[in-house]
Amino acid sequence: MEPIHYSMSIQWDNDDEIFVVTVPELPGCVTHGKTYEEAAQQGKDAIESWLMVAKEFGDPIPQPISYAA
């Protein structure tokens, strides 16, 4: 199976002093990390988990947003 690439938004949260990760295409797919690198890895893990659960329940899998230059 060819990998599916989703966008991640990584933003710094001053209050909690963490990087917060959201995946726009996957509703409710949110995670965080203490460093940017940790947040990016957590985002990848969250995407995999989200997709696994969606497939398990037979939910539709949203298509990734495509960037057009």
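Values in this document were obtained by computation on a predicted structure and should not be read as measured data.

Reading guide: rules and limits
Residues numbered from 1 in each chain as written. Predicted model: local features only at pLDDT ≥ 70, side-chain atom pairs only at ≥ 80, totals over all residues. Heavy atoms only, no water. Helix = DSSP H or I, 4+ residues; strand = E, 2+ residues; numbered from the N terminus. Buried < 20%, exposed > 50% of the residue type's maximum accessible area, 1.4 Å probe, protein only. Contact = heavy atoms within 4.5 Å. Patch = residues over 30% accessible without salt bridge, like charges linked within 9 Å, V, L, I, M, F, W, Y side chains within 5 Å. Areas by Shrake-Rupley, 256 points an atom, 1.4 Å probe, with all protein chains shown as cover. Salt bridge = Lys/Arg side-chain N within 4 Å of Asp/Glu carboxyl O. Phe/Tyr/Trp six-rings, centres within 6.5 Å; stacked < 30°, edge-to-face > 60°.

A. Layout of the environment of histidine 32. Topologically, histidine 32 is positioned in strand 3 (residues 30–33). By relative accessible area, which is 41% here, histidine 32 ends up partly exposed. Residues histidine 32 and aspartate 15, 17 residues apart in the sequence, show an inter-C-alpha distance of 13 Å. If sequence neighbours within four positions are ignored, histidine 32 has contacts with Ile18, Phe19, Val20, Val21, Ala39 and Gln42.

B. Here's a closer look at a nonpolar patch on the surface. Among the surface-exposed residues, Met52, Val53 and Phe57 lie close enough to one another that they form a single nonpolar patch of about 330 Å² accessible area. Along the chain, valine 53 turns up in helix 1 (residues 36–57).

C. Expanded view of the packing of aromatic side chains. Enumeration according to the criterion identifies two aromatic pairs in this entry. For the ring pair tryptophan 12 and phenylalanine 19, a centre distance of 4.8 Å and an interplane angle of 65° mean the geometry is edge-to-face. Of the residues examined, tryptophan 12 reaches a relative accessible area of 41% and is grouped as partly exposed. The interplanar angle of 85° and the centroid separation of 5.7 Å between the aromatic rings of phenylalanine 19 and tyrosine 36 together place this pair among those described as edge-to-face. With phenylalanine 19 in strand 2 (residues 18–22) and tyrosine 36 in helix 1, this residue pair connects regions lying 17 residues apart in the sequence. Taking relative accessible area as the criterion, tyrosine 36 reaches 43% and is therefore assigned partly exposed. These aromatic residues form a ring-pair network of at least three members: Trp12, Phe19 and Tyr36.

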